[in-house]
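Single-letter residue listing:
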Amino acid sequence: MDNAAARKGLAVVEQREARARAAARRAKKQAALEKKREQQRQKRLREQARIAAMSKSSSFRVGALNILGSQHTAGPGGYGPGTERAAISSSIIMARGVDVVTLSEVQDDQLGVLNARLAGYSIWPQQSLGNNGQRLQIAWRSSRFEMVDGGSVTFTFASQAIPMPYVLLRDLQTGAEFWVISIHTSAGGLEGERDAGTAVAISLMQRLEAETGKPVIIGGDVNEHEEFFYKVCQATGFLAANGGGAGCTLPPPPLRVDWIMGGGGGGVAFSGYMQDGSTLARASDHYFIHADVNVVDPGDN
């Protein structure tokens with residue numbers, strides 16, 4: 001082998017070694033970067049776990065409204081078209097500064113209006129729960145809360161099986177989480193269905209609280225002036241937005257068929273309850289009830 005060939009062979013070896021050293025440096029650098037990323041990820045997880053374990057609270061305004069379904073005003077006379085009334089209801093909800101609201105008797109055409117007119121709100125379940133799933137909705141300000149979880153249980157309303165939806169909301173500022181349930185039980189002489197629907201709701205409240213330890217709020221038209229309060233309070237200890245006390249004594253009159261109740265977690269405290277008659281005659285045959293509330297999420301301890 002002449003000198004030129006030897007030098008060429010040596011150069012090839014040196015190039016290979018240089019490439020190998022460069023590859024080793026890149027691998028070492030990449031390993032260090034991945035280690036740093038993993039350390040940062042673990043730090044974030046520890047911080048998230050620390051925050052999750054802490055007690056957190058959320059203060060907001062909660063409401064409940066039966067918007068009077070379009071099917072009740074399909075003919076001439078009486079209330080205006082359901083879509084027009086849904087628009088009025090949307091304006092009232094926003095004007096009252098309500099952050100979370102349960103809605104009942106929602107029909108497909110009214111749901112479209114609520115989606116368009118409740119600016120800045122998220123609404124669930126929309127039509128995701130199948131047949132009759134649009135009837136009960138839960139809306140919240142998207143700037144204040146995010147949906148973490150949700151589901152439904154089935155109950156009988158006016159001889160039809162419909163879903164009772166519930167959501168787990170998280171306060172975007174404090175991290176506090178709480179459940180919201182939307183309910184509407186059968187009216188008139190359907191006492192058996194009404195009692196059964198209340199029993200389903202109570203079972204759901206108890207399960208959500210037992211499984212997660214988070215506060216629970218339920219709101220809607222239960223077609224009972226007193227009985228719903230007694231049954232929920234006696235079974236869960238929950239109190240109403242309009243009051244109630246030791247031994248499940250009733251709140252002061254007047255009592256409506258629409259209720260907001262809450263409890264569990266680290267506590268649910270209501271204040272500033274209102275029976276808002278601005279919906280009457282124009283939008284619905286129900287008062288719009290709303291109140292300030294503070295919920296305490298005890299965390300994951």
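As the structure is a computational prediction, the values presented were derived from the model and not from experiment. (Residues numbered from 1 in each chain as written. Predicted model: local features only at pLDDT ≥ 70, side-chain atom pairs only at ≥ 80, totals over all residues. Heavy atoms only, no water.)

1. Some thoughts on the pairing of strand E12 (residues 288–297)
Inference 1: With seven of 10 residues buried, E12 is to be regarded as a mostly interior element.
Inference 2: Two elements, strand E1 (residues 56–66) and E12, share nine bridges in a ladder whose sense is antiparallel. The partner of Arg61 across the bridge, within E12, is Asp292.
Inference 3: Bridge count between strand E11 (residues 267–276) and E12: eight bridges; the pairing is antiparallel. (Buried < 20%, exposed > 50% of the residue type's maximum accessible area, 1.4 Å probe, protein only. Helix = DSSP H or I, 4+ residues; strand = E, 2+ residues; numbered from the N terminus. Pairing = 2+ DSSP bridges.)

2. Here we look at the pattern of salt bridges
Should their charged atoms come close, side chains of opposite charge can pair.
Inference 1: Tallied over the full model, the rule gives 14 salt bridges.
Inference 2: Asp195 serves as the salt-bridge partner of Lys231, at 3.0 Å between the closest nitrogen and oxygen. Linking Lys231 in helix H5 (residues 227–236) with Asp195 in helix H4 (residues 191–212), this pair joins segments that are 36 residues apart in sequence.
Inference 3: We classify Asp195 as partly exposed; its relative accessible area is 26%.
Inference 4: Between Glu211 and Arg207 there is a salt bridge, and its shortest N-O distance comes to 3.6 Å. In this pair, Glu211 and Arg207 both sit in helix H4, four residues apart, roughly one turn of the helix.
Inference 5: In this structure Arg207 comes out as partly exposed when scored by relative accessible area, which is 32%. (Salt bridge = Lys/Arg side-chain N within 4 Å of Asp/Glu carboxyl O.)

3. Focus on the sheet that holds strand E5 (residues 145–157)
Inference 1: The six strands lie next to each other as E5-E6-E7-E8-E10-E9, forming an open sheet whose pairing is mixed. Every interior strand has two partners, whereas the edge strands, E5 and strand E9 (239–240), have only one.
Inference 2: Lying over the sheet, H4 contacts E5, strand E6 (160–171), strand E7 (177–184) and strand E8 (216–221), oriented at roughly 150 degrees with respect to E5. (Contact = heavy atoms within 4.5 Å. Axes fitted to C-alpha atoms, helices over the stretch in contact; angles between N-to-C directions.)

4. Quick look at the state of the cysteines
Inference 1: Evaluated as defined, the whole model comprises one disulfide.
Inference 2: Between the sulfur of Cys233 and that of Cys248 lies a disulfide, 2.1 Å long from S to S. The chirality of the disulfide connecting Cys233 with Cys248 is left-handed, given an S-S dihedral of about -85 degrees. In this pair, Cys233 sits in helix H5 while Cys248 sits in the loop between E9 and strand E10 (258–263), placing the two residues 15 residues apart along the sequence. The residues Cys233 and Cys248 share a single accessibility class, namely buried. (Disulfide = S-S within 2.5 Å.)

5. What to know about the sheet that holds E11
Inference 1: Within the open sheet, the six strands sit side by side as E3-E4-E2-E1-E12-E11. Their pairing is mixed. Looking at the sheet topology across the chains shown, the edges are occupied by strand E3 (121–124) and E11. Pairs of neighbouring strands in the sheet enclose a mean axial angle of 20 degrees, with direction left out of account.
Inference 2: Of the strand pairs in this sheet, strand E2 (residues 100–104) and strand E4 (residues 137–141) are connected by four bridges, and their pairing is antiparallel. Paired with Leu103 across the two strands is Gln137, which belongs to E4.

6. Observations regarding H5
Inference 1: All of the buried residues along H5 are Phe228, Phe229, Val232, Cys233 and Thr236. For H5, the angular spread of the buried residues around the axis is 115 degrees, confining them to a single face.
Inference 2: The inward-facing, buried residues of H5 abut E7, H4, E8, E9 and E10.
Inference 3: Where H5 terminates, the next one or two residues include Gly237, which has phi positive at roughly 85 degrees. (Arc of directions from axis to C-beta.)

7. Overview of unusual backbone geometry
Inference 1: With an omega of 15 degrees, the peptide bond running from Trp124 to Pro125 counts as cis.
Inference 2: The step from Pro253 to Pro254 runs through a cis peptide bond, and the omega angle for that step is 0 degrees.
Inference 3: Among the secondary structure elements, Pro254 is positioned in the loop between E9 and E10.
Inference 4: The phi dihedral of Leu68 is positive, around 60 degrees, even though this residue is not glycine.
Inference 5: As for its placement among the helices and strands, Leu68 is situated in the loop between E1 and helix H2 (82–95).
Inference 6: Relative accessible area serves as the criterion here: at 6%, Leu68 is assigned to the buried category.
Inference 7: Even without glycine at this site, Cys248 takes up a positive phi of about 60 degrees.
Inference 8: Relative accessible area serves as the criterion here: at 11%, Cys248 is assigned to the buried category.

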